[in-house]
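Reading the structure
Below, each chain spelled out in residue letters.
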Amino acid sequence: MVICFPSTRVGLDPGTANTLLYVRGRGVAVNEPSLVTIRTSTGDIEAVGGEAEAGRGRTPRKFQTARPIRAGIISDLKLFDGMLHRFLRKAHVAGPLHRLQVAIAVPSGMTEVDRLAIIESLRKAGAAEVMLVDQALAAARGAGLPIEDSCGRMVVNIGAGVTEVALISLGNVVCARATRVAGDEMDAAIASHVRAAHQLLIGEPTAERLKIQIGSAFPNREELGLPIKGRCITKGVPREATIRSCEVREALSTPLESILNAIREVLEQAPPELSADLLETGIVLTGGSALLRNLDRFISRNFRLPVKVAQDPLSCVILGLAHQVNHLRRAEWRRFGNGR
Ligand SMILES: Nc1ncnc2c1ncn2[C@@H]1O[C@H](COP(=O)(O)OP(=O)(O)OP(=O)(O)O)[C@@H](O)[C@H]1O
Ligand SMILES: [Mg+2]
C-alpha cells in the first residue's frame, strides 16, 4: 500500500545575513541570522541562527562562526545543508512525513551551476517540488506593488551581500542589475575607516552597530557620536574611541556610489515608456539596508525621482514568496522524480 502524505508548502528566503521560512497556513516560522557555529576540529555544526549569532566574533578557538551564504549564493554546501535542516526542524516541517513544496528566492544573476546546487540541497532536505523565484520580483510583490499591471516600477532590494535593481512591468523583470555592494560592504568600509583614522581594529558586529545607530546617507539634523571599543593597531591593547556620524557617512560614500551606479545602469537601459512611468511610480527600496537613515532622500536627490522605503523592508521577499506559495497552481512547480 502506498501512503501519500499531503504536501507542505513553504517559502524560503536564504539571505546572506538572514534566513526566513514561511509555512503555508502558519506564517513566518523562522527568521534567524544565516550563521553557523562549527567545531573547528571536526567541522560538526554546534549551533545555527540566533544561537550562533550570540557568539559571533567571540567564539573560542575550538569553535568558528561561518556564513553558508555569500552574496545570496551558497558558499558552503555542507554548512547550508546543516543550517537548512535545523531551520526546517525548528519549523516542524522536517522528516519523512513531510512532502515539501519549496518556493525559494534567488538573485537574478545566479548561474545554472548555483541553481542546480540549491535545488539539490532542497531535494536532500525533503523537497519534492521546487520553484525558483526571482528575488527582486518577490521583494516587489512583498512591498505591495501591483507588479502585474503594465506600468513601469522600480524596486531596489539592498540586503547584506547583494543589491538588486529591477525594472518591472506586467509581472516580469524588464531589465535588472545586481552588485555585491550592500550592507556587508558598508560594514567593511566603516571598519576600514576606523582602522585608518583611529588606528583601531573593530569586528563586523561593531561596524554594523555604527552603521545602524549613527550611519546615514545624507547629513542628519544633529551630528551624533558613538563610543566603541576595539584593539589598538600600534599597541595591541584594547582601546575606546568615539566615532562621529559624519565619519560614518564619509565611509559609506563609496558603497553608496556603487549602488547609485547600479540604479543608473538600469535607468539607462529602460525603454522610454517605462522610464517615463517612473516619474509617477518612483523607486521602492526593500531589504534590510533600505533602513539606512536618509537613503531614500539620497537616492531621490540623485535621480530626481520619488523614492520610498517599503513598510517592512526586511520581510518583503518572504511576504512576496508567501503570496506565491498561497496562490500558485500545481503546474508551476518543478517536480523531482524521487517518488516522495
Ligand atoms: N537600521 C538599519 N540601518 C542600516 N542597515 C541595516 C539596518 N537594519 C538592518 N540593516 C542591514 O540590513 C542587512 C540585512 O538585510 P537583509 O536581511 O535584507 O539581507 P539578506 O537578505 O540576508 O542579504 P542578501 O539579500 O543580500 O543575501 C544587514 O547588512 C544589516 O546590517
Ligand atoms: Mg535578501
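Worth saying up front: this structure is predicted, and the values here are computed from it rather than measured. (Residues numbered from 1 in each chain as written. Chains lettered and ligands numbered in written order. Predicted model: local features only at pLDDT ≥ 70, side-chain atom pairs only at ≥ 80, totals over all residues. Heavy atoms only, no water.)

**Some points on the packing of aromatic side chains**
Under the criterion given, the structure shown has one aromatic pair. Considering the side-chain rings of Phe 218 and Phe 298, the 6.4 Å spacing of their centres and the 70 degrees angle between planes classify their relative orientation as edge-to-face. Of this pair, Phe 218 sits in the loop between helix H6 (204–214) and strand E15 (225–232) while Phe 298 sits in helix H9 (residues 295–303), placing them 80 residues apart in sequence. With respect to class, Phe 218 is no different from Phe 298; both count as buried. (Phe/Tyr/Trp six-rings, centres within 6.5 Å; stacked < 30°, edge-to-face > 60°. Helix = DSSP H or I, 4+ residues; strand = E, 2+ residues; numbered from the N terminus. Buried < 20%, exposed > 50% of the residue type's maximum accessible area, 1.4 Å probe, protein only.)

**What about the pattern of salt bridges?**
This structure, assessed with the given rule, holds 13 salt bridges. With its nearest N and O atoms 2.9 Å apart, the salt bridge here joins Arg 99 to Glu 129. Taken together, the residues Arg 99 in strand E9 (residues 99–106) and Glu 129 in strand E10 (residues 127–134) connect sequence positions 30 residues apart. Judged by relative accessible area, which is 0%, Glu 129 ranks as buried. (Salt bridge = Lys/Arg side-chain N within 4 Å of Asp/Glu carboxyl O.)

**What about the environment of Leu 77?**
Note on placement: Leu 77 falls in helix H2 (residues 77–90). Excluding anything up to four places from it in sequence, Leu 77 contacts Ala 117 and Ser 121. (Contact = heavy atoms within 4.5 Å.)

**A few points about H6**
For H6, the complete set of buried residues consists of Thr 206, Ala 207, Leu 210, Lys 211 and Ile 214. Buried residues of H6, seen end-on, are gathered within an arc of 140 degrees and therefore sit on one face of the element. Check the buried side of H6 and you find it contacts helix H5 (183–198), E15, strand E16 (238–244) and helix H7 (245–269). (Arc of directions from axis to C-beta.)

**As for the layout of surface pockets**
A probe matching the size of a water molecule, rolled over the atoms, marks out where space remains unfilled. Quantified by volume, the largest pocket comes out at close to 740 Å³. Taken together, 37 residues form the lining of the largest pocket, with Ala 17, Asn 18, Ala 160, Gly 288 and Leu 314 sitting closest to its centre. Taken together, the elements giving at least two residues each to the lining of the largest pocket come down to strand E1 (7–14), strand E2 (18–23), H5 and H6. Looking at which element gives the most residues to the lining of the largest pocket, the answer is H5, with four residues. Residue composition of the lining of the largest pocket, by class: 14 nonpolar, 14 polar and nine charged. (1 Å grid on protein atoms, 1.4 Å probe; cavity = no way out; pocket = protein on both sides within 12 Å on 5 of 7 lines; lining within 4 Å. Points joined across faces, edges and corners; volume = space filled by probe spheres on them. Nonpolar A, V, L, I, M, F, W, Y, C, P; charged D, E, K, R; others polar.)

**Re the domain arrangement of the protein chain**
Here the domain parsing of the protein chain yields domain 1 (7–138 + 317–335), domain 2 (140–181 + 256–314) and domain 3 (183–251). Centre-to-centre separation of domain 2 and domain 3, based on C-alpha positions: 28 Å. Tallying the contact residues gives 16 residues for domain 2 and 14 residues for domain 3. Summed over both partners, the interface of domain 2 with domain 3 buries about 1,200 Å², with 60% contributed by carbon and sulfur atoms. In terms of surface lost to domain 3, no three residues of domain 2 exceed Ala 160, Leu 292 and Arg 293, which account for 44% of the buried area on that side. Where domain 2 packs against domain 3, one counts zero salt bridges. Where domain 2 meets domain 3, there are nine residue pairs in polar contact (both at pLDDT 80 or more). (Domains from an automatic or database assignment. Buried area = accessible area lost by both parts, 1.4 Å probe. Polar contact = N/O pair within 3.5 Å; in protein donor to acceptor, adjacent residues only side chain to side chain.)

**Some words on empty space enclosed by the protein**
Applying the stated criterion to the full structure yields one cavity of 30 Å³ or more. Taken as a whole, the largest cavity holds about 30 Å³ of empty space. Forming the boundary of the largest cavity are Val 10, Leu 12, Leu 21, Leu 84, Leu 88, Leu 100, Val 102, Leu 122 and Ala 125. Contributions of two or more residues to the lining of the largest cavity are made by E1, H2 and E9. Tallied by class, residues from the lining of the largest cavity come to nine nonpolar, no polar and no charged.

**Quick word on a positive patch on the surface**
Taken together, the side chains of Arg 221, Arg 297, Arg 301 and Arg 304 define a basic patch exposed on the protein surface. In this structure, Arg 297 sits in helix H9. (Patch = residues over 30% accessible without salt bridge, like charges linked within 9 Å, V, L, I, M, F, W, Y side chains within 5 Å. Areas by Shrake-Rupley, 256 points an atom, 1.4 Å probe, with all protein chains shown as cover. Lys, Arg positive; Asp, Glu negative; His and termini not counted. Charge placed at Lys NZ, Arg CZ, Asp CG, Glu CD.)

**Focus on the sheet that holds strand E12 (residues 163–169)**
Spatial strand order, E13-E12-E11-E17-E18: five strands in an open sheet with mixed pairing. The open sheet is flanked by strand E13 (172–179) and strand E18 (307–309), the only strands paired with a single partner. On average, each strand axis in the sheet is tilted by 20 degrees relative to the strand beside it, whichever way the strands run. (Pairing = 2+ DSSP bridges. Axes fitted to C-alpha atoms, helices over the stretch in contact; angles between N-to-C directions.)

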